[in-house]
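Commentary on secondary and tertiary structure
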Amino acid sequence: MVDFCIIGSGVAGSTISKILSKKYSVLVLDKARGPGGRSSNKRFQKNLSFDHGVQYISPKSKRFKKFLENLRRRNIVKIWDGDHLDFTFEKKEFNRKYIGRLGNNDICKYNLKNINQSYQSTVKSIKFNKFFWEIKLDNEKYLQSKSIILTCPFPQLKKLAFKFLNKKIFNLKISMHPNITTMLAFKNKKEIPVSSIKFKDDLLGWAANENSKKRFKSTLSLWTLQSTVKWAKKTINNYKKNRKVENAMISKFLSSTGFKKNTIIFKKTHGWKYSYNYQQTLMKSYWDKNKRIGVCADWFIGPKVESAWLSANDLAKKIKKI
Ligand SMILES: Cc1cc2nc3c(=O)[nH]c(=O)nc-3n(C[C@H](O)[C@H](O)[C@H](O)COP(=O)(O)OP(=O)(O)OC[C@H]3O[C@@H](n4cnc5c(N)ncnc54)[C@H](O)[C@@H]3O)c2cc1C
């Protein structure tokens, strides 16, 4: 039986796993095919990959900045340079943007090195008896663990652990907004010399030039588009069936940049139901030492990778006190 079973391999799950693994045995379970959660990099084939979740990290706190600089020295992350433009195509953003050297899940991969991990392992239910946690997976397998830590988005946490957590956690004001992301490849390598564009639009929020990240050489132009929250709220439940959702985002991009529709040779759209929570809550993480259940995730603190990292560090402090 492991000491800690961590549900989720995103920034929060991988960070708390790394800290706890110095002293305890740890197993990470994730329903996805690989690590990263919302810090995801989708690789469809060689030289065709997109950061379709987290776009970049701009640290605010000194501690997180230090952590990222340490990863930069180790060649795990790098700075995404080039011009980051606003919707006028004139004003530039100058805040430092960190990205993974190979993909934006690199931080999670780094954290999880040498830690036991199991993917495509969806946790269906958890059950507490005085001595251990019983974890039921979707393949009907059962696991046991002395302690359990959940890092899922808030609505998924509620489904899985409502019975076992203090109700004050469910009184927190949390609203996780959706996002629609479209990945595009154009056959002619017509490069516009920008790294990203922030749009001022009801529908299209942002576009990232994947080639400007200089991770690999591509003969194609690769772009990741992200919707506004407003557009995602309207369309998240039918974007798969209704091609108009994807087409509308693409049309906005084409008309703003001059790319031609007939040069698109690849497109894929993903809907994120629970992207981010903008409100900071009064809690940073949750730990119940009697039941040995913990929760850490971005949504306690804010809408960013940094929020997930801070929440995991806060939980680690609480656990160390016991
Ligand atoms: C489209 C988009 C763009 C973003 N852009 C940025 C950005 O530019 N900069 C920034 O700082 N932040 C950005 N964010 C926010 C950032 O992604 C999150 O703040 C951060 O990744 C959250 O990490 P986490 O570990 O708390 O949660 P997650 O990354 O969501 O990790 C939770 C994990 O739990 C797993 N899981 C859930 N339920 C189960 C279950 N029942 N069984 C097993 N596994 C389960 C999930 O598969 C997932 O891997 C963006 C998010 C999205 C969606």
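Residues numbered from 1 in each chain as written. Predicted model: local features only at pLDDT ≥ 70, side-chain atom pairs only at ≥ 80, totals over all residues.

Within the protein chain, the secondary structure is distributed over seven helices and 18 strands. Relative to the globule expectation of 20 Å for 322 residues, the C-alpha radius of gyration of the protein chain, 20 Å, shows essentially globular dimensions. Across the 322 residues in the protein chain, those meeting the buried criterion constitute 43%. At a minimum sequence separation of 6, the contacts of the protein chain that also span at least 24 residues come to 67%. (Helix = DSSP H or I, 4+ residues; strand = E, 2+ residues; numbered from the N terminus. Rg over C-alpha atoms; globule rule 2.2 N^0.38 Å. Buried ≥ 20, exposed ≤ 12 C-beta atoms within 10 Å, placed from the backbone. Contact = placed C-beta atoms within 7 Å.)

Of all residues adjacent to the ligand, which total 39 residues, the nearest are Gly8, Gly10, Ala12, Gly37 and Arg38. In the shell around the ligand, the residues fall into 18 nonpolar, 16 polar and five charged. Composition of the shell around the ligand by domain shows at least three residues from each of domain 1 (2-48 + 101-174 + 281-320) and domain 2 (176-277). (Near = placed C-beta within 6 Å. Nonpolar A, V, L, I, M, F, W, Y, C, P; charged D, E, K, R; others polar. Domains from an automatic or database assignment.)

This paragraph deals with the nonpolar core. Cys5 and Ile16 are the most contacted members of the largest nonpolar core, which totals 55 residues. With eight residues, the single largest contributor to this core is helix α7 (residues 305-320). With residues up to four places along the chain from it excluded, the contact list for isoleucine 16 reads Ile6, Ile149, Cys296, Ala312, Leu315 and Ala316. Counting residues in hydrophobic clusters, the runner-up holds 22 residues, among them Met183, Leu203, Ala232 and Ile250. (Core = buried A, V, L, I, M, F, W, Y, C linked by C-beta atoms within 7 Å.)

Let's shift gears to the domain arrangement of the protein chain. Per the domain assignment, the segments of the protein chain are domain 1 (2-48 + 101-174 + 281-320) and domain 2 (176-277). Once you take the C-alpha centre of each, domain 1 and domain 2 turn out to be 29 Å apart. On the side of domain 2, twelve residues touch domain 1, which itself brings twelve residues to the contact. Of the residues assigned to the side of domain 1 that touches domain 2, the class counts are eight nonpolar, one polar and three charged.

On to the pairing of strand β15 (residues 221-227). Among the seven residues of β15, seven are classified as buried, and the element is accordingly described as predominantly covered. By the alternation rule, side chains of β15 split into Ser221, Trp223, Leu225 and Ser227 and Leu222, Thr224 and Gln226, which are all buried. Two strands pair when backbone bridges link them, and strand β12 (residues 176-186) and β15 are joined in this way by six bridges, in the antiparallel orientation. In the sheet register, methionine 183 faces β15, and the bridge partner there is threonine 224. Summarising the sheet, strand β14 (residues 204-209) and β15 pair through five bridges and their orientation is antiparallel. (Pairing = 2+ DSSP bridges.)

Summarising burial for helix α1 (residues 11-20): eight of the ten residues are buried, a large majority. Buried within α1 we find Val11, Ala12, Gly13, Ser14, Thr15, Ile16, Ser17 and Leu20. Those residues of α1 hidden inside the fold are in contact with β1 (2-7), β2 (26-29), α3 (106-111), β11 (142-150) and α7.

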